[in-house]
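The primary structure of each chain is shown beneath.
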Amino acid sequence: MNIILLGPPGAGKGTQAQFLVEDRNMVQLSTGDMLRSAVKEGTPVGLKAKAVMDAGQLVSDEIVSALIGDALDKLDTDTGVIFDGYPRTAAQAESLDELLATRNRSLQHVIELDVDVDALIERITGRFTCANCGEGYHDTFKTPAKDGVCDKCDGTEFKRRPDDNAETVRKRMEEYRGKTAPILPIYDKRNIVTRVDGMADMASVRAEVAKVLDS
Ligand code: AMP
């Protein structure tokens, strides 16, 4: 099964993708994560992408589609894939069709996480992760049980994404509204889109997403 999680920054795509990885042995392909590791490693792609990401703009279609193609080539054809943060433009949606078709894959579901954009600013600007194990936290909604210590691995270092500041988030929202939301009709026409209330608590969203995959 191949699915797309679609929704603006902070809608919970990464969180729900992780649940699917745990529950169904699927693989999460997040172009955001791939680009962040390219930046960290200082690869040619990372060097190109860094300034664009810091400004909250979209990296070129060619770069992200090539990342997805390479990642798909590393998987067995029967491994289920969750596309998280890809496609983000009409050109990427077209590339994804080709990338899947040439690998004998097809798309079963597009799940749109429906959220209140104003509430997202608070969600995003408050989030941070454990620098050691990646566990996610939030200043208001989920602080570590013991102040400054990760619940999962006892790590004491935490980090925030450089693009999770209010100004960049606004630009990322604009990119979503202008370039990503308009690709929904492509999938609507194929009758594979389900809208899920992304403002509900994580467990309810998880259950709703599970229902869609089991339908
Ligand atoms: P994300 O982690 O999905 O929020 O992505 C973080 C940043 O990486 C975005 O703001 C973009 O600059 C870049 N990015 C991630 N995925 C894509 C994509 N599919 N197309 C273009 N840029 C992307």
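Model, not experiment: these values are computed from the prediction. (Residues numbered from 1 in each chain as written. Predicted model: local features only at pLDDT ≥ 70, side-chain atom pairs only at ≥ 80, totals over all residues. Heavy atoms only, no water.)

Asker: Which parts of the structure should I look at to understand the pattern of salt bridges?
Answerer: Pairing between side chains of opposite charge can happen when their charged atoms approach one another. Under the criterion given, the structure shown has 20 salt bridges. Ionic pairing is found between aspartate 33 and arginine 36, a salt bridge with its closest N-O pair at 2.8 Å. Here aspartate 33 and its partner arginine 36 are both found in helix H2 (residues 31–41), three residues apart, which amounts to about one turn of the helix. Among the residues examined, aspartate 33 registers a relative accessible area of 40% and is labelled partly exposed. We classify arginine 36 as partly exposed; its relative accessible area is 26%. Here arginine 103 and aspartate 73 are joined by a salt bridge, their closest N and O atoms 2.8 Å apart. (Salt bridge = Lys/Arg side-chain N within 4 Å of Asp/Glu carboxyl O. Helix = DSSP H or I, 4+ residues; strand = E, 2+ residues; numbered from the N terminus. Buried < 20%, exposed > 50% of the residue type's maximum accessible area, 1.4 Å probe, protein only.)

Asker: I keep staring at the sheet that holds strand S8 (residues 193–197) and nothing clicks. Help me out?
Answerer: Hydrogen bonds between backbone atoms are what pair the strands of a sheet, whose relative direction is either parallel or antiparallel. Read across the sheet, five strands follow the order S2-S3-S1-S4-S8 without closing on themselves; strand pairing throughout is parallel. For this open sheet the edge positions go to strand S2 (27–30) and S8, each flanked by a neighbour on one side alone. Between one strand axis and the next, the sheet turns by 25° as a mean value, whatever way the strands run. Here five bridges tie strand S4 (residues 109–114) to S8, and the two strands are oriented parallel to one another. Counted as the bridge partner of leucine 113 is valine 196 from S8. Those strands touched by helix H9 (residues 202–214) are strand S1 (2–6), S4 and S8, and its axis lies near 155° from that of S4. (Pairing = 2+ DSSP bridges. Axes fitted to C-alpha atoms, helices over the stretch in contact; angles between N-to-C directions. Contact = heavy atoms within 4.5 Å.)

Asker: Help me understand the packing of aromatic side chains in this model?
Answerer: Between two aromatic rings, the relevant description is the distance of the centres plus the angle of the planes. Tallied over the full model, the rule gives four aromatic pairs. Here phenylalanine 128 and phenylalanine 158 contribute two aromatic rings whose centre-to-centre distance is 5.6 Å and whose plane-to-plane angle is 80°, an arrangement assigned as edge-to-face. Placement of the pair is phenylalanine 128 in strand S5 (residues 127–130) and phenylalanine 158 in strand S7 (residues 158–159), with a sequence separation of 30 residues. Ring centres of tyrosine 137 and phenylalanine 158 lie 5.7 Å apart, and the angle between their planes is 80°; this geometry places the pair in the edge-to-face category. Note that tyrosine 137 is positioned in strand S6 (residues 136–138) and phenylalanine 158 in strand S7, a separation of 21 residues in sequence. The class of tyrosine 137 is buried, set by a relative accessible area of 4%. Here the aromatic residues Phe128, Tyr137 and Phe158 are joined through ring pairs into a cluster of three or more. The cationic tip of lysine 142 hangs over the ring face of tyrosine 137; the distance from NZ or CZ to the ring centre is 5.0 Å. (Phe/Tyr/Trp six-rings, centres within 6.5 Å; stacked < 30°, edge-to-face > 60°. Lys NZ or Arg CZ within 6 Å of the ring centre and 35° of its normal.)

Asker: I keep staring at the site of the ligand and nothing clicks. Help me out?
Answerer: Around the ligand, the surrounding shell holds 16 residues, and the nearest of these are Thr31, Arg36, Gln57, Gly85 and Gln92. In the model, a nitrogen atom of the ligand is placed 3.0 Å from a nitrogen or oxygen of the valine 59 main chain. In the model, an oxygen atom of the ligand is placed 3.1 Å from a nitrogen or oxygen of the arginine 161 side chain. In the complex, the protein chains occlude 96% of the 480 Å² of accessible area that the ligand would expose alone. (Near = heavy atom within 4 Å. Polar contact = N/O pair within 3.5 Å; in protein donor to acceptor, adjacent residues only side chain to side chain. Areas by Shrake-Rupley, 256 points an atom, 1.4 Å probe, with all protein chains shown as cover.)

Asker: I keep staring at the sheet that holds S6 and nothing clicks. Help me out?
Answerer: Across the sheet, which stays open at both edges, the three strands sit in the order S6-S5-S7 with antiparallel pairing between neighbours. Where the open sheet ends on each side, the last strands, each with one partner, are S6 and S7. Relative to S7, S5 is paired through two bridges, and the arrangement is antiparallel. Within S7, the residue paired with threonine 129 across the bridge is lysine 159.

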